[in-house]
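Coordinates in review
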Amino acid sequence: MLPPKDLKTVMLVCKLWKGMVDDPKLWTWSVLSVKTRLDLQKLQIHRLQLIQYIRVCPSGSDHTWIQSEDLMNLFQAVVDIPSITMLYGIESYNLGSVEPSLLGRVLGKLDVLNPLHCSNLSTAQFEHLFTAIAQKESPMKELIVVGFCVTDLSPALFASAVSNVKKLRLSFCSGDHMQALLQEIVETEKPLSKLDLSCCRMNNIDPDLVGKALNKLEAVTVEGCRFGWVSHELVTATLMGALEDDSKLKKLMLNDTTSSFASELDEELLRKAAKKINLKILVKN
C-alpha cells in the first residue's frame, strides 16, 4: 500500500500506471473538498467511490455558490456513495430546502453530527433525521443537539435517537425530553456511554431515575450547575448509585457550581465516591 503522496505521483506517470492505482479501495483516505458547484462532479470519479469524508467550503469561505439545487445534488451524491460518514461544514448551511427524507438519510448516516441550530430545519426534517439516527444499526459516534431546535419533537422519538449514539452533548433541553432520555437509558440497553449536559432541565425529575440513568453511563459532565438545572438531591442520588457494585460510572464532572452548592453536599459521600470514580466539582463564584 503506497502512501497518499506516492499514489498521486503514480497517477501522473502514464495511463497504464494510472489504471493500476484507480482502485477505489486505495483512495478511502481521501477528503474531497467541495468549494464550487463544479467540485460536485468529482463525486462521479471512479476512484473516489469509497471515500468517507467530504469537506464543504472551508471555514470563512463564501457560501453563496450553494443553491437549493446544489444541496440536493450534494445530498443525493452522498446517498449514492454509502461509504461517506463525515460531511464537514454542512451544519453552517441553510438546509431548510432539502427534502426531509433525503436529509434524514444523509445526516442520519454520519458518524459525527454537529449542532444544526443555524440550519433552519423544519419539524418534519428533524423527525426524519432523528428517526434515521434511532434506526441506525451502527451507532453514531458523536451527536450534538441544541434543545430549543427540537421542542416540537416528541420526547419518545428524541430519546430513542439521542440514546443510540456513543457520545452525546445536549444543551437547553426541556424537562420532558430529559425525562424521556433518562427513562430510555434505564429501561433499554443502548450504546450511549458519554453524556455532556449544559443547561438541561432535570431539577424536577425524580432523583432516583436520574441516579439510575447516569450510573448506566461511563462519563457524565454537567455544565451550568449554578443556574439550578440540577439539585442536591440529583447529585446525591447519582453519587450513591456510583457506590453500588453494578454502577458503570467512571467519571462525573459538575462544572460551574457555587461554593454554597458544593458545601451543602454530604462530605462523607463525596469522599467515598471520589475513591471509586473520577469526581470533580468545579466552583465558580
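As a reminder, the structure under discussion sits directly above these lines.
Residues numbered from 1 in each chain as written. Predicted model: local features only at pLDDT ≥ 70, side-chain atom pairs only at ≥ 80, totals over all residues. Heavy atoms only, no water.

Moving on: the packing of helix 7 (residues 175-187) against helix 8 (residues 207-214). Interhelical geometry of helix 7 versus helix 8 gives an angle of 55° and a closest axis separation of 8 Å. Classified by the angle between their axes, helix 7 and helix 8 sit oblique to one another. Here helix 7 runs over helix 8; the crossing is left-handed. Residues Gln179, Leu182, Gln183, Ile185 and Val186 of helix 7 form the contact with helix 8, whose participating residues are Leu209, Val210, Lys212, Ala213 and Leu214. Of the residues that constitute the contact of helix 7 with helix 8, the class distribution is 7 nonpolar, 2 polar and 1 charged. (Axes fitted to C-alpha atoms, helices over the stretch in contact; angles between N-to-C directions. Helix = DSSP H or I, 4+ residues; strand = E, 2+ residues; numbered from the N terminus. Parallel < 35°, antiparallel > 145°, perpendicular 65-115°, else oblique. Left-handed = near helix turned anticlockwise from the far one by under 90°. Contact = heavy atoms within 4.5 Å. Nonpolar A, V, L, I, M, F, W, Y, C, P; charged D, E, K, R; others polar.)

What follows concerns the pairing of strand 9 (residues 251-257). Along strand 9, 6 of the 7 residues are buried, which leaves the element largely enclosed by surrounding structure. As paired strands, strand 8 (residues 219-223) and strand 9 are joined by 4 bridges and run parallel to one another. When the sheet's bridge partners are listed, Thr221 is paired in strand 9 with Met253. As paired elements, strand 9 and strand 10 (residues 278-283) share 5 bridges and run parallel to each other. (Buried < 20%, exposed > 50% of the residue type's maximum accessible area, 1.4 Å probe, protein only. Pairing = 2+ DSSP bridges.)

Inspection of the entire model under this criterion finds 5 aromatic pairs. Taking the centre distance of 6.3 Å and the plane angle of 20° together, the rings of Phe130 and Phe158 count as stacked. With Phe130 in helix 5 (residues 123-135) and Phe158 in helix 6 (residues 155-162), this residue pair connects regions lying 28 residues apart in the sequence. Each member of the pair, Phe130 as well as Phe158, carries the same accessibility label: buried. Connected via pairs of aromatic rings, a cluster forms that spans Phe126, Phe130 and Phe158. Its end group placed over the ring of Trp27, Arg47 keeps NZ or CZ at 5.4 Å from the ring centre. The aromatic ring of Tyr88 is capped on one face by Arg55, whose charged end is 4.6 Å from the ring centroid. (Phe/Tyr/Trp six-rings, centres within 6.5 Å; stacked < 30°, edge-to-face > 60°. Lys NZ or Arg CZ within 6 Å of the ring centre and 35° of its normal.)

One open sheet holds the 3 strands; their spatial order is 1-2-3, and the pairing between them is parallel. A single partner strand is all that each edge strand has here, and the edge strands are strand 1 (31-34) and strand 3 (86-88). With direction set aside, neighbouring strand axes in the sheet form an average angle of 20°. When strand 2 (residues 53-56) meets strand 3, the two strands line up parallel, connected through 3 bridges. Each bridged residue has a counterpart across the sheet, and for Ile54 the counterpart in strand 3 is Leu87.

To continue, consider the side chain of Thr257. Considering the arrangement of structural elements, one finds Thr257 in strand 9. Judged by its relative accessible area of 0%, Thr257 is buried. Once residues lying within four places of it in the same chain are set aside, the contact partners of Thr257 are Cys225, Arg226, Ile281, Leu282, Val283 and Lys284.

A word on the packing of helix 4 (residues 100-107) against helix 5. The contact between helix 4 and helix 5 brings their axes to 8 Å, and the two run at 35°. The chirality of how helix 4 crosses helix 5 is right-handed. Contact residues: helix 4 offers Pro100, Ser101, Leu103, Gly104 and Leu107, while helix 5 offers Ala124, Gln125, His128, Leu129 and Ala132. Classifying every residue of the contact of helix 4 with helix 5 gives 6 nonpolar, 4 polar and no charged.

A few words on the pairing of strand 2. Burial along strand 2 is one-sided: Ile54 and Val56 are buried, and none of Tyr53 and Arg55, which face the opposite way, are. Where strand 1 and strand 2 come together, 4 bridges link them in parallel fashion. Within the sheet, the bridge partner assigned to Val34 lies in strand 2 and is Val56.

Attention now moves to helix 3 (residues 68-80). Helix length check: helix 3 (13 residues) gives 18 Å between terminal C-alpha atoms against 18 Å at 1.5 Å per residue, within 8%. On its buried face, helix 3 sits against strand 2, strand 3 and helix 4. (Expected span 1.5 Å × (residues − 1).)

This brings us to the sheet that holds strand 4 (residues 112-113). Neighbouring strands of a sheet are bound in pairs by backbone hydrogen bonds; such pairs are parallel or else antiparallel. In space, the 7 strands of this open sheet follow the order 4-5-6-7-8-9-10, with parallel pairing throughout. The sheet terminates laterally at strand 4 and strand 10, the two strands that pair on one side only. Both strand 6 (residues 165-171) and strand 7 (residues 194-198) contribute to a ladder of 5 bridges, which runs parallel. The residue bridging Leu168 from the neighbouring strand is Leu195, located in strand 7.

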